[in-house]
Amino acid sequence: MKRKTVLSCTAAALFTVCVGAGAQIKPEDAVHYRQGVYTAMGWNFGPMAGMVKGEIPFDAKAFALRAERVAFLSTLPLEGFIPGSRVGKTDAKQEIWDNMDDFKSKLETLQTEAAKLAEAAKTATALDALKPQFGKVGQSCKDCHDEYKED
């Protein structure tokens, strides 16, 4: 089965479960959901950062796969920020819910920049061609973390 098909099916299943559950989603489950998404993003972003920093050899195919995953995963976190889900062990600041429009805007910037990186990585054969866009993705993460994530 092709990777895009698997990702699409996974997204559809997650969406169906979440929409079907609707108001029944427990705040603790929302925290676990978004933490899982961010863990998966980091899992894929880290090796790309290692390539960009020269810590691991550049592998165009692996970079493209991870960029595609990050682009997809960037579309998932918002549904995990339901009202009342600043509970338990979370690094999410209250400012997320106080400034939801700005938070959404920052997340949309991440989605846009990650999609551009995934697209560029499909045809790039040299890391230097990807570094500027990778930097934009990293900066969009940092912009949100600086404002909305506890240290």
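Anything mentioned here points back to the structure above.
Everything quoted here is computed from the prediction, not taken from an experiment. (Residues numbered from 1 in each chain as written. Predicted model: local features only at pLDDT ≥ 70, side-chain atom pairs only at ≥ 80, totals over all residues. Heavy atoms only, no water.)

**Student:** Break down the environment of Gly-135 for me, citing the residues and quoting the values.
**Tutor:** Inspection of the secondary structure puts Gly-135 in helix H6 (residues 131-148). Note: C-alpha distance between Gly-135 and Glu-113 (22 residues apart in sequence) is 9.4 Å. (Helix = DSSP H or I, 4+ residues; strand = E, 2+ residues; numbered from the N terminus.)

**Student:** Describe the packing of aromatic side chains, listing the residues and the values that go with them.
**Tutor:** Scanning the model with the defined rule gives seven aromatic pairs in all. Taken together, a centroid distance of 6.3 Å and an interplanar angle of 55 degrees make the contact between Phe-63 and Phe-134 tilted. Of the two residues, Phe-63 is situated in helix H3 (residues 60-73) and Phe-134 in helix H6; the sequence distance between them amounts to 71 residues. Looking at Phe-63, the relative accessible area reads 0%, which means it is buried. Residue Phe-134 is classed as buried on the basis of its relative accessible area of 8%. Measuring from ring centre to ring centre gives 5.9 Å for Phe-81 and Trp-97, while their planes differ by 50 degrees; the resulting arrangement is tilted. Placement of Phe-81 in the loop between H3 and helix H4 (95-98) and of Trp-97 in helix H4 is noted, with a sequence separation of 16 residues between them. What makes Phe-81 buried here is its relative accessible area of 7%. An aromatic cluster of at least three residues, connected via ring pairs, comprises Tyr-38, Phe-81, Trp-97, Phe-103 and Tyr-148. (Phe/Tyr/Trp six-rings, centres within 6.5 Å; stacked < 30°, edge-to-face > 60°. Buried < 20%, exposed > 50% of the residue type's maximum accessible area, 1.4 Å probe, protein only.)

**Student:** Account for the nonpolar core, naming residues and giving values.
**Tutor:** One finds Met-48, Phe-63, Leu-117 and Phe-134 to be the most contacted residues of the largest nonpolar core, which totals 27 residues. Of all the elements in the fold, those that place two or more residues in this core are helix H2 (27-52), H3, helix H5 (100-123) and H6. The leading source of residues in this core is H2, at eight residues. In this structure Met-48 touches Phe-63, Arg-66, Ala-67, Val-70, Leu-117 and Phe-134, once residues within four positions along its chain are discounted. (Core = buried A, V, L, I, M, F, W, Y, C linked by side-chain atoms within 4.5 Å. Contact = heavy atoms within 4.5 Å.)

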